[in-house]
Amino acid sequence: MAAIRNLQNEAQISRFVLDEWSKISLFLQRHYGLLEEDCQDVFQEAFIILYEKIRKEDFVLTSSLSTYFMGICKNKAKELKRTKKKLVLVEDELDFSLLEGNISQDKVEALIALEEDTLAEIQKEELVESIVQEMPSPCKELLWGFYRDNLSLKALADLLNYSSEGSVKVTKHRCCEKLRIRYKELSKRLF
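These numbers were taken from a predicted model, which means no experiment stands behind them.

Draft legend 1. Region of interest: the pattern of salt bridges. The final tally for this structure, using the stated rule, is seven salt bridges. Residue Glu 20 pairs with Lys 23 through a salt bridge whose shortest N-O separation is 3.3 Å. Here the residue Glu 20 and the residue Lys 23 both occupy positions in helix H2 (residues 10–32), the gap between them amounting to three residues, near one helical turn. With a relative accessible area of 6%, Glu 20 lands in the buried category. Judged by relative accessible area, Lys 23 falls into the partly exposed class, the value being 39%. Measuring nitrogen to oxygen at the nearest pair gives 3.4 Å for the salt bridge that ties Lys 76 to Glu 45. With Lys 76 in helix H4 (residues 65–97) and Glu 45 in helix H3 (residues 36–54), this pair connects stretches of sequence that are 31 residues apart.

Draft legend 2. Up close: H3. Counted at 1.5 Å a residue, the expected span for H3 with its 19 residues is 27 Å, and the 26 Å between its end C-alpha atoms agrees. Every buried residue belonging to H3 is among Asp 38, Cys 39, Val 42, Phe 43, Ala 46, Phe 47, Leu 50 and Ile 54, and all of these are buried. Viewed end-on, H3 has its buried residues packed into an arc of 165°, placing them on one side of the element. More than 90 degrees from the buried face of H3, the exposed residues found are Glu 37, Gln 44 and Glu 52.

Draft legend 3. Focus on unusual backbone geometry. Cis geometry is adopted by the peptide bond preceding Pro 138, which originates at Ser 137 and carries an omega value of 0°. Position of Pro 138 relative to the elements: it lies in the loop between helix H5 (105–134) and helix H6 (139–148). Its identity as a non-glycine residue notwithstanding, Asn 161 has a phi of 60°, on the positive side. Positionally, Asn 161 belongs in the loop between helix H7 (153–159) and helix H8 (165–190). The exposure class of Asn 161 is exposed, given its relative accessible area of 70%.

Draft legend 4. A look at H6. Most of H6 sits inside the fold, with seven of its 10 residues counted as buried. Residues Cys 139, Lys 140, Leu 142, Leu 143, Trp 144, Gly 145 and Arg 148 constitute the buried set of H6. Immediately beyond the C-terminal end of H6, within one or two residues, lies Asn 150, with a positive phi of roughly 55°.

Draft legend 5. Highlighting the state of the cysteines. For the structure on display, the rule yields one disulfide. Free cysteine: Cys 39, not disulfide-bonded; nearest cysteine sulfur from Cys 73 at 9.3 Å. Taking the relative accessible area as the measure of exposure, Cys 39 reaches 0% and is therefore buried. For Cys 176, which is in no disulfide, the shortest distance to another cysteine sulfur is to Cys 175 and amounts to 7.0 Å.

Draft legend 6. Region of interest: the packing of aromatic side chains. Taken as a whole and judged by the stated rule, the model has eight aromatic pairs. A ring pair is formed by Trp 21 and Phe 43, whose centres lie 5.2 Å apart and whose planes are at 85°; its orientation type is edge-to-face. Placement of Trp 21 in helix H2 and of Phe 43 in helix H3 is noted, with a sequence separation of 22 residues between them. Under the relative-accessibility criterion, Phe 43 is labelled buried at 8%. Ring centres 5.2 Å apart and planes at 90° place the aromatic pair Phe 43 and Phe 69 in the edge-to-face group. In this pair, Phe 43 sits in helix H3 while Phe 69 sits in helix H4, placing the two residues 26 residues apart along the sequence.

Draft legend 7. Seen up close, the nonpolar core. Judged by nonpolar contacts, the single largest core of 22 residues is most densely connected at Ile 24, Leu 28, Leu 34, Leu 50 and Phe 69. For this core, the secondary structure elements donating two or more residues are H2, H3 and H4. Of all the elements, H3 adds the most residues to this core, at seven residues. Apart from the residues lying within four places of it in its own chain, the contact partners of Leu 28 are Gly 33, Leu 34, Cys 39, Val 42, Cys 73 and Ala 77. In this structure, Leu 127, Met 135, Cys 139 and Leu 186 belong to the second largest nonpolar core, which totals 17 residues.

Criteria and thresholds
- Residues numbered from 1 in each chain as written.
- Predicted model: local features only at pLDDT ≥ 70, side-chain atom pairs only at ≥ 80, totals over all residues.
- Heavy atoms only, no water.
- Salt bridge = Lys/Arg side-chain N within 4 Å of Asp/Glu carboxyl O.
- Helix = DSSP H or I, 4+ residues; strand = E, 2+ residues; numbered from the N terminus.
- Buried < 20%, exposed > 50% of the residue type's maximum accessible area, 1.4 Å probe, protein only.
- Expected span 1.5 Å × (residues − 1).
- Arc of directions from axis to C-beta.
- Disulfide = S-S within 2.5 Å.
- Phe/Tyr/Trp six-rings, centres within 6.5 Å; stacked < 30°, edge-to-face > 60°.
- Core = buried A, V, L, I, M, F, W, Y, C linked by side-chain atoms within 4.5 Å.
- Contact = heavy atoms within 4.5 Å.

Here it is, written out as structure tokens:
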């Protein structure tokens, strides 16, 4: 909670932004292939969301402020990528409509496959995220930290007060098994 209270004055806000910008920009460029301009947009939107959330009386932080902010940035980056994919599909359809004659069957199949793959990928990603979100501690924190925030086992051991990296590894493995079982149950109903 002290980290949240620190964001109450301009100096602390500026320091937080400067500390986070380079780390998040680099992450978004590497993992999502975003241009620096897109990274700036994502960062700005995510910071506005963070600032609005921490101003609420009932806000409870369940991880470090930096980790929480990184999660918001990742969600915004995914949202941006989905929006861009939809825009590309529309542009492709316009290009095809300008051609004389019919669209060849292989082009039609490519368009349909691209759309279905994108939709299936988004649905799977959202399902996994919802399963992780519903998992009890320590699974929730371990899986978010390892897979979403790319934290090392050592960093997770330190953050979550485990005695060793080995303990984290064993717990993470058990959590992954629980996630896989739950995913199989839900995906049978959905897909």
